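Summary of the model geometry
Residue strings, one per chain:
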Protein chains: 2
Amino acid sequence: MNIRTIRIGVVGLGTVGAALVESLQANAGIIRADVGAEVVIARIAEKDATRRKSIHAPGTVLSLDWRDLVADRDIDIVVELMGGTSAARDLVLASLRAGKHVITANKALLANHWTEVLTEAHKAGRAVGFEASVMAGVPVIHVLQSGLSGHRISAISGILNGTSNFILTRIGENGVDRRQALEEARQKGFCEADPSLDLEGFDAAQKLAILGSLVLGRWLPPQDVHREGIGNLEKEDLLEARNSFGYVLKPLAILKRRATGVEARVQPTFLDKRSPLAEVSREFNALLIESDAAGPITLIGKGAGGAPAASGVLADIVEIARRIRHADSGASVPRLPRPGPVHVLPYDQLESRFFLRFTVCDRPGVLSKIFRCLSSERISIANSEIRNTPDGATGLVYAATYRTHAKAVRKALKTIDVQPALVKRKTLMVPIQE
Amino acid sequence: MNIRTIRIGVVGLGTVGAALVESLQANAGIIRADVGAEVVIARIAEKDATRRKSIHAPGTVLSLDWRDLVADRDIDIVVELMGGTSAARDLVLASLRAGKHVITANKALLANHWTEVLTEAHKAGRAVGFEASVMAGVPVIHVLQSGLSGHRISAISGILNGTSNFILTRIGENGVDRRQALEEARQKGFCEADPSLDLEGFDAAQKLAILGSLVLGRWLPPQDVHREGIGNLEKEDLLEARNSFGYVLKPLAILKRRATGVEARVQPTFLDKRSPLAEVSREFNALLIESDAAGPITLIGKGAGGAPAASGVLADIVEIARRIRHADSGASVPRLPRPGPVHVLPYDQLESRFFLRFTVCDRPGVLSKIFRCLSSERISIANSEIRNTPDGATGLVYAATYRTHAKAVRKALKTIDVQPALVKRKTLMVPIQE
């Protein structure tokens, strides 16, 4: 077996890129032993001069333009850490066409250009590593791709956005209000510059699109994922749900195969206190995988941060380098995604239990009218708690339904919410995961 | 690419073997798509006539002797599910020498013959799959081997025996006594014929030996693992620890790199209620992996049972079949284990907090003497609870120490436990995991 050097090109020296350069240096011995060859960063492309200067990478050529990496025939693996979906897409496609393996942590790129990227890799006979794109260093992609090979995965559900989880945890456990919790998350560096990407579920929807496309063997576009943010829940709701109903609120991403199609949604969801995901708190992420034979499998870890994301990239580098070293990258070339869209079921068809909060006018007859509207849609109530606000004029009615269709609940709420004699604000409707 | 059929030989039709035959048939379509080739069970060897008859496997040749499989040139992968360490060892070694890839769920075989089996595979250039040997279908082996490639794993700690976890969960949560809990575990089919393999930690020590050998790249013999059973704890201790100290007792297996050697132990250990492993209850298993960059990663799932174990074997089959299909099995050949033994630190050198239960004579001066013995070994007490038994003559003193050496605690207890004027029975000493 001929020992050779495997050359990496890294594009982008943000937090992940900088952490990667460091960890490749720190773990050089382990990597050499593992791969059976030297793995070196041969070139780095970064436009920002300050970032370029901050890096200590002796022997590495620094470029301003990623095209230099694509043109360098000696580079085996290109690591795309520039972000965005325009130049990053050009880089990834050009690298594959130039016969290089590609690793990317770019969830937006993969979620939006899944078929294009994987088809190009398949045609080129090259690998695409994207462990770091979902849950950073927690190896969910490896587990779905090879740890559960040959299994039919029936459902995945996860906490894929650490910021939302941190905020809901702080509100639910400590009764701080949303603004305080967001401020805390910001101070701890958990927030993106634009926090709505996290809080409105865009980030989690992209990650679910990647996991779903992998599980289904077919592209699940992120815009087909039903998406709700964490913005409508008050701390009183979370405390009431926990104390009187035993439910914990989590920002869940769910993909489920149904007889008639696929359920794909990102939304705050109540879980039984004893569910494995209910205990995953603060900035931690988790994925629960349900398959035919293995039983439920849960992976928990840190889903964000420079070092954890670099750790996901590192695992991909070593895996691909091993294959290059043994001249056998065939098995790591992705399969061609099946053509045609995933049939995502409309949200109305969701069958679930629901948690409802009515903000009612505290007058005789109001409750009976509300419950009549529900029962006329065949919605049964499993349990209910009624609270009065200090002013005495407003009541809060919390109710957990039995299993029903989202459509029925929405229809009933449409009737209720337009009657100012019954309710003072829009009724809250949150699914309860079984 | 030439499409070929990949032929499996299965030895042993116990619960795992039967479940495997079934799941290979049920998932034939998924497997074909995944591998890009047909994967069939070409031969099964099983001595027991009843078992042979219970299997519906058309097109499969049934043999009485495993040697028929080794001699069959068309068989690519041998799956060893016969158990034991004698014939199973012969089968595995003979199969590798005959150029076949091997998959085994046999933890005793791997733990005791690690170097021999891996060296033979390395020499033969063949893969050894053993995902099912630890935590059944939960892909901990895949995660350690490739999901965290290139990482320095600093520690692993896990709940590797479902029976022990079930029993401790039942005692700790529901206050049933140990005999009742064991009887329940038996009725649910969680117990081996000889329950001491589970309850005395032999099973978990073998699994830790496998994980440790993998992580360290060097054989960790199971007899070098410090091992304690779950037999010395009463339900009162568990309830007291939970209610007054906030600790949950778990049957933990721990491997930790230290500056001077490796800590390797299987023993009941107290965990903070909020630790990720504390919530893993009943028959569930879990592994917490600590590495340099990825942060703590936890995997949770069912660690036993025919279908879950068969699921681990299935994942190995598909992985190896993919490599065969692409004629590139190089990267899956195991590295040669490094020679020489792992330096396991003696238990006395363990630095930890400890939970102590003294069963004291309820007389003046007893407490001060006990605490003096502790402080003379420089053991500081973080908190303590004192309880009287209903008869009034005996007191129970529970104490949680600050971080200290096991040696110091053992020395103090040696002094205390020989004084019948102080204590009525052997003092209980359980580490507290930080």
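Here we summarise the structure given alongside this text. (Residues numbered from 1 in each chain as written. Chains lettered and ligands numbered in written order. Predicted model: local features only at pLDDT ≥ 70, side-chain atom pairs only at ≥ 80, totals over all residues. Heavy atoms only, no water.)

A separate point is the overall build of chain A. Along the backbone of chain A there are 15 helices and 17 strands. Relative to the globule expectation of 22 Å for 434 residues, the C-alpha radius of gyration of chain A, 24 Å, shows essentially globular dimensions. The dimensions of chain A, computed from C-alpha atoms along their principal axes, are 85 × 45 × 35 Å. Each of the 434 residues in chain A was classed as buried or not, and the buried ones make up 58%. For chain A, the exposed area adds up to about 17500 Å²; of that, 49% sits on carbon and sulfur atoms. Side-chain charges in chain A split into 56 positive and 47 negative, and the spacing between the mean points of these groups amounts to 3 Å. (Helix = DSSP H or I, 4+ residues; strand = E, 2+ residues; numbered from the N terminus. Rg over C-alpha atoms; globule rule 2.2 N^0.38 Å. Buried < 20%, exposed > 50% of the residue type's maximum accessible area, 1.4 Å probe, protein only. Areas by Shrake-Rupley, 256 points an atom, 1.4 Å probe, with all protein chains shown as cover. Lys, Arg positive; Asp, Glu negative; His and termini not counted. Charge placed at Lys NZ, Arg CZ, Asp CG, Glu CD.)

Okay, the side chain of B:Asn106 next. Mapped onto the elements, B:Asn106 comes out in the loop between β5 (101-104) and α6 (107-124). In this structure the side chain of B:Asn106 is engaged in a polar contact, spanning 2.9 Å, whose partner is the backbone nitrogen of B:Leu109. (Polar contact = N/O pair within 3.5 Å; in protein donor to acceptor, adjacent residues only side chain to side chain.)

On to the interface of chain A and chain B, then. At the junction of the two partners, chain A supplies 45 residues and chain B supplies 45 residues. At the boundary of chain A and chain B, one finds zero salt bridges. Viewed at the interface, chain B and chain A are joined by 17 residue pairs in polar contact (both at pLDDT 80 or more). Looking at the side of chain A that touches chain B, the elements with two or more residues in it are α2 (28-35), α7 (140-147), β12 (297-302) and α13 (306-325) of chain A. At nine residues, α13(A) tops the list of elements feeding residues into the side of chain A that touches chain B. Relative to strand β12 (residues 297-302) of chain B, β12(A) is paired through three bridges, and the arrangement is antiparallel. In the strand pairing of β12(B), A:Ile300 is matched with B:Thr298. (Contact = heavy atoms within 4.5 Å. Salt bridge = Lys/Arg side-chain N within 4 Å of Asp/Glu carboxyl O. Pairing = 2+ DSSP bridges.)

Phi is positive for A:Ala136, close to 50°, though the residue is something other than glycine. Relative to the assigned elements, A:Ala136 resides in the loop between β6 (128-129) and α7. Note on A:Ala136: relative accessible area 3%, which makes it buried. A positive phi is found at B:Arg282, a non-glycine position, where the angle reads about 55°. For B:Arg282, the position within the fold is in the loop between β10 (261-272) and β11 (284-291). Residue B:Arg282 is classed as partly exposed on the basis of its relative accessible area, which comes to 33%.

That's the geometry; what it means functionally is another story.
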